[in-house]
Amino acid sequence: MKTDTLKKLDSAQAKDLMAVLYGEAQAEANIVRYKALVEKFTEEFGDKDMKMFSSPGRTEISGNHTDHNHGKVLAGSINLDCVGIAAKNGTGKINIVSETFNQKFSVDLEELAPSAKMGGTVDLVKGLVKGFQEKGYKVGGFDAYITSNVISAAGVSSSAAFEMLLCSMLNVFFNDNKMDVVAYAHVGKYAENHYWNKSSGLLDQMACAMGGLITIDFYDLQNPKVEQIPFDFGSQNHSLIIVNTGKGHADLSADYSSVPAEMKKVAEYFGKEVCAQVKEEEVIACLAKVREFAGDRSVMRALHFFEENRRVEAEVAALRENRFDDFLAGITASGNSSWKWLQNCYTTADVQEQGISVALALTELFIQDKKRGACRIHGGGFAGVIMAMLPNDLVDEYVEYIEKALGEGSAYRMSIRPYGSICVDLVM
């Protein structure tokens, strides 16, 4: 009930948890944020036995464009999140208010066919519910009031954060909180593949659902190997900064699709489906024939895949062994490989539009001058965002520097949070 939930948010446990999720400086502001959401839920749906939920966005630290060919990644959940207040309603409908996107809609559990356009939030919710049913989990009706500060269209997985938030609600309300987060990720992937017609992998969902700093090996796609890396970035006095370089104006669908397709074309030469089933030495030994069969850019992208997998392994080892400078060098090497080998820093459909390249060039000049830090492209590429890892004493100067060039509000300071998609009540 409302009174009980507000009382929880005034507790010492709530203050401690908020500090862990959002940082000491943002703890009180987020308690206020949750309280406001409780009030809005009550106004919209009435005073019910409600629960609080949170699901973070994610950052990709290394492993650029490897998951779709069953490779390896290093990723983390961030301190920007979707927050929802929800309660079972005893009906056959899911009723959602999304404050951030000014949406209010219902999904009938008996009418889960995707729309003809296969896109938008309603189709995504239908796909999640259908995914639960297809995989043998229970579903039911509930009401939810949701807000999000996960940056949209900026490579930090705002859609996956929303998906994992709803998975957590369905798990807690109807499946006794017994599902694991790998199941969440597969449901999210199912929804995007079948209800958005988007051939996404599992990276975004896994990173949002799992929490903390994680490495994932996607060789067995049905049972990806996930390991948490116990590492405190705060102890190194470094901050993670995401820079939004502006949305590209070209349709990037063909660019995104070409990357997995071209890697798989190289694997096809060897009678395999994905690059993870092929060895780099095999490609090099048959290079002339592979180039003729798959094309030169395909070969370059496959070589990026092989080397990026090794980089992920090396960066994980560096973090485990507290070799932070080696870890930063791995970030730089990953970024260089994406720019030169993977070639996803701009679209060839409009070579005069290169926001990513400009942001990387400026950041590299900054790091070269200061002789500290690292940067790389972030996410799918071609347009969107870059990532910088910088010492805390340089962050303010860098933000002022990069925003002067790219616009005020383009740089976001982030941290890795230890929790993924959670029911807040069950963690306090």
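The coordinates are above.
Residues numbered from 1 in each chain as written. Predicted model: local features only at pLDDT ≥ 70, side-chain atom pairs only at ≥ 80, totals over all residues. Heavy atoms only, no water.

1. As for the sheet that holds strand β11 (residues 411-414)
Strand order in the open sheet formed by four strands is β9-β10-β8-β11, with antiparallel pairing between adjacent strands. If you trace the sheet from one side to the other, it starts and ends with β9 (374-378) and β11, each paired once. Mean inter-strand twist for the sheet, computed between neighbouring axes without regard to direction, equals 25°. By the bridge criterion, seven bridges tie strand β8 (residues 238-244) to strand β10 (residues 385-391) in an arrangement that is antiparallel. When the sheet's bridge partners are listed, Leu240 is paired in β10 with Met389. This element, helix α12 (residues 324-342), spans β8, β9 and β10 of the sheet and lies at about 40° to β9. (Pairing = 2+ DSSP bridges. Helix = DSSP H or I, 4+ residues; strand = E, 2+ residues; numbered from the N terminus. Axes fitted to C-alpha atoms, helices over the stretch in contact; angles between N-to-C directions. Contact = heavy atoms within 4.5 Å.)

2. A closer look at the pattern of salt bridges
Inspection of every chain in the model, using the stated rule, returns 28 salt bridges. Its salt-bridge partner being Arg33, residue Asp81 comes within 2.8 Å of it at the nearest N-O pair. Of the two residues, Asp81 sits in strand β2 (residues 72-88) while Arg33 sits in helix α3 (residues 27-45), which places them 48 residues apart along the sequence. Considered together, Asp81 and Arg33 belong to a single accessibility category, that of buried residues. Arg376 is paired through a salt bridge with Glu308; the nearest N and O atoms lie 3.9 Å apart. Placement of the pair is Arg376 in strand β9 and Glu308 in helix α11 (residues 296-320), with a sequence separation of 68 residues. Given the relative accessible area of 1%, Arg376 is considered buried. A relative accessible area of 0% means that Glu308 is categorised as buried. (Salt bridge = Lys/Arg side-chain N within 4 Å of Asp/Glu carboxyl O. Buried < 20%, exposed > 50% of the residue type's maximum accessible area, 1.4 Å probe, protein only.)

3. Quick notes on unusual backbone geometry
Across residues other than glycine, the phi torsion is negative in most instances, and most of the peptide bonds are trans. In this structure, Asn322 takes a positive phi of about 60° despite not being glycine. Structurally, the position occupied by Asn322 is in the loop between α11 and α12. By relative accessible area, which is 51% here, Asn322 ends up exposed. Even without a glycine there, the phi angle at Phe382 is positive, about 70°.

4. Here we look at the side chain of Asn69
Topologically, Asn69 is positioned in the loop between β1 (51-62) and β2. If we skip the residues at most four places from it in the chain, Asn69 touches Pro260, Met263, Lys264, Val274, Cys275, Ala276 and Phe305.

5. Section: the packing of aromatic side chains
Counted by the stated rule, this structure contains 16 aromatic pairs. When the ring of Phe142 is compared with that of Phe173, the centres are 6.1 Å apart and the planes differ by 45°; the resulting orientation is tilted. Note that Phe142 is positioned in strand β5 (residues 142-148) and Phe173 in helix α5 (residues 158-174), a separation of 31 residues in sequence. Summarising the burial analysis for this pair, Phe142 and Phe173 share the class buried. Between Phe324 and Phe327, the ring centres sit 5.5 Å apart and the planes meet at 35°, which makes this aromatic pair tilted. Taken together, the residues Phe324 and Phe327, both in helix α12 and three residues apart, mark about one turn of the helix. Residues Phe324 and Phe327 agree in their burial class; the two are buried. (Phe/Tyr/Trp six-rings, centres within 6.5 Å; stacked < 30°, edge-to-face > 60°.)

6. Focus on the nonpolar core
Burial of nonpolar side chains together is a common tendency in soluble globular proteins. In terms of nonpolar packing, the biggest core is built from 64 residues, with Leu74, Phe142, Leu166, Met169 and Phe327 touching the most fellow members. The dominant element in this core, judged by the number of residues it contributes, is α5, at twelve residues. Other than its neighbours up to four places away in sequence, Leu74 contacts Glu60, Ile61, Ser62, Leu213, Ile214, Thr215, Ile229, Val312, Glu315, Val316, Leu319 and Phe327. (Core = buried A, V, L, I, M, F, W, Y, C linked by side-chain atoms within 4.5 Å.)

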